[in-house]
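Understanding the architecture of this molecule
Each chain is listed here by its residues.
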Amino acid sequence: MVEKRKERHHQQYSAMISDGQEYEDAEELDESPEEVEQFEHYHIVADPGQSLLRVDKFLTNRLQGTSRNRIQLAADADCIYVNGKPVKSNYKVKPGDEVSVMLDYPRRELKIIPENIPLEIVYEDDDLLVINKPAGLVVHPGHGNYTGTLVNALVYRYKDLPMYADEDPRPGLVHRIDKNTSGLLLIAKTAVARLNLALQFFNKTTRRKYVALVWGNLKDDEGTIEGNIGRSLKNRQIFTVYPKGDHGKTAVTHYRVIERLGYVNLVECVLETGRTHQIRVHMKYIGHTLFNDETYGGNKILKGTSFSKYKQFVENCFSILPRQALHAKTLGFVHPVTGKEMMFDSDIPDDMTRVIEKWRNYISNRE
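Residues numbered from 1 in each chain as written. Predicted model: local features only at pLDDT ≥ 70, side-chain atom pairs only at ≥ 80, totals over all residues. Heavy atoms only, no water.

One way to put it is that helix H7 (residues 308–320) packs onto helix H8 (residues 350–366) with a least axis distance of 9 Å and a crossing angle of 160°. Put simply, H7 runs roughly antiparallel to H8. With respect to the hand of their crossing, H7 and H8 are arranged in right-handed fashion. Contact with H7, carried on its side by Tyr310, Phe313, Val314, Asn316, Cys317 and Ile320, involves Asp351, Arg354, Val355, Lys358, Trp359 and Tyr362 of H8 and no other residues of that element. Per-class residue counts for the contact of H7 with H8 are eight nonpolar, one polar and three charged. (Axes fitted to C-alpha atoms, helices over the stretch in contact; angles between N-to-C directions. Helix = DSSP H or I, 4+ residues; strand = E, 2+ residues; numbered from the N terminus. Parallel < 35°, antiparallel > 145°, perpendicular 65-115°, else oblique. Left-handed = near helix turned anticlockwise from the far one by under 90°. Contact = heavy atoms within 4.5 Å. Nonpolar A, V, L, I, M, F, W, Y, C, P; charged D, E, K, R; others polar.)

What follows is the structure in structure tokens.
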């Protein structure tokens, strides 16, 4: 019996645009829109009468319409598991074996215009690169954003690489961060690396830390937020928490207060899952909306005084930081070819740093 753990997401790119989903940016592949939804996951239990058969042939027989090349790519990227352990394509399937596989989604048709957009590259080798994405840069083309995206820049820069020559709307992407969130983003340069890295995000073995400025003074120095996240039933443009689990998908965020600045706190957030807008939605859920997060109401004065000078101070902060105060600071993963542990850290960008310093001065003067 074949269990398709993740239904194919949208048969064509036009379908992705018309279904009402938000693909502007979102983060980090499995059930989460943050993780790029362009992979298929299957779980198959071999029949009791199964004769010994190479796993690539076994999968080709069982997954109708799937080419042997796609299965071979999965094997090369260590994305075929039997009884919980990775195997190569020559493994012989036995009766009762539980076979799991993650397949790269077939290329979709959408003309990508190469654009010479500067990128801040933190690290690069033959298999991958890590960039520090500025706020305001959309990750991939979507409704209303067909040019000026990170993908347009990648197609221009790597036009000689096979992966970037097929006009795939999401070449090399294994995860995403919101348009107005800054920070580290991992990009694959080969098909094998892309599939291997995607599996790491799916298995939640990557390490990601964010820094956020939130409204209010948190009660505890650290904590964990749990609650299903799904699209709002009242407003399809935003997401919300469903604590009873009747809608949405499991989401877990760990937080730690870095600095208390009176009416705002600087916090570190560690993602255990990667749902769309996860940190933004979870922090709002516990009453600490991100500073100047327009989508979730953080662009209003949520804590503080009614004095006009205070209002002007906050408005000045909003002008300096015209986006949600969220930065993807740390990113860790295992290199898909060398097996080496990779860890990267980035500085908090200037707009957030200036606002944090303004709050420090404000609190200091009050005291």
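On to helix H3 (residues 68–76). Of the positions making up H3, those classed as buried are Arg70, Ile71, Leu73, Ala74 and Ala75. Trailing H3 by a residue or two, Asp78 shows a phi angle of about 60°, which is positive. (Buried < 20%, exposed > 50% of the residue type's maximum accessible area, 1.4 Å probe, protein only.)

Turning our attention to the pairing of strand E9 (residues 128–133). When you tally the buried positions in E9, you get six out of six residues, the bulk of the element. Here E9 shows no split at all, with Leu128, Val130 and Asn132 on one side and Leu129, Ile131 and Lys133 on the other all buried. Summarising the sheet, strand E8 (residues 121–124) and E9 pair through three bridges and their orientation is antiparallel. Within E9, the position partnered with Glu124 by the bridge is Leu129. With antiparallel pairing between neighbouring strands as the criterion, E8 and E9 make up a hairpin whose turn holds three residues. Strand direction decides the pairing type here: E9 and strand E10 (residues 182–188), joined by six bridges, are antiparallel. Within E10, the position partnered with Leu128 by the bridge is Ala188. (Pairing = 2+ DSSP bridges.)

Looking now at the packing of aromatic side chains. For the coordinates displayed, the defined rule picks out 14 aromatic pairs. For the pair Trp215 and Phe291, a centre-to-centre distance of 5.1 Å together with 45° between the ring planes defines the contact as tilted. With a gap of 76 residues between them, Trp215 in strand E11 (residues 207–215) and Phe291 in the loop between helix H6 (278–285) and H7 connect regions that are remote in the sequence. With a centroid separation of 5.4 Å and an interplanar angle of 75°, the aromatic rings of Tyr263 and Tyr310 are classed as edge-to-face. Of this pair, Tyr263 sits in the loop between strand E15 (252–261) and strand E16 (264–271) while Tyr310 is found in helix H7, placing the two residues 47 residues apart along the sequence. Classification of Tyr263 as buried rests on a relative accessible area of 18%. The class of Tyr310 is buried, set by a relative accessible area of 2%. The structure contains a cluster of three or more aromatic residues connected by ring pairs, namely Trp215, Tyr263, Phe291, Tyr310, Phe313, Phe318, Trp359 and Tyr362. Seen from the ring of Tyr156, Lys159 lies directly overhead, with NZ or CZ sitting 5.0 Å from the centre. (Phe/Tyr/Trp six-rings, centres within 6.5 Å; stacked < 30°, edge-to-face > 60°. Lys NZ or Arg CZ within 6 Å of the ring centre and 35° of its normal.)

With that out of the way, let us pick up the pattern of salt bridges. By the definition in use, this model includes 14 salt bridges. With a shortest N-O distance of 2.8 Å, Lys88 and Asp78 are connected by a salt bridge. Of this pair, Lys88 sits in the loop between strand E5 (85–86) and strand E6 (92–93) while Asp78 sits in the loop between H3 and strand E4 (80–82), and the two are ten residues apart along the sequence. The class for Asp78 is partly exposed, based on a relative accessible area of 29%. Arg256 is the partner of Glu268 in a salt bridge, and the nearest nitrogen-oxygen pair spans 3.3 Å. Of this pair, Glu268 sits in strand E16 while Arg256 sits in strand E15, and the two are twelve residues apart along the sequence. One connected set of salt bridges, linked through shared partners, spans Glu124, Arg157 and Lys189. (Salt bridge = Lys/Arg side-chain N within 4 Å of Asp/Glu carboxyl O.)

Positive phi values are uncommon outside glycine, yet Asp78 reaches one of about 60°. With a phi close to 60°, Asn292 is a non-glycine residue in the positive phi region. Secondary-structure assignment places Asn292 in the loop between H6 and H7. The exposure class assigned to Asn292 is buried, which follows from its relative accessible area of 9%.

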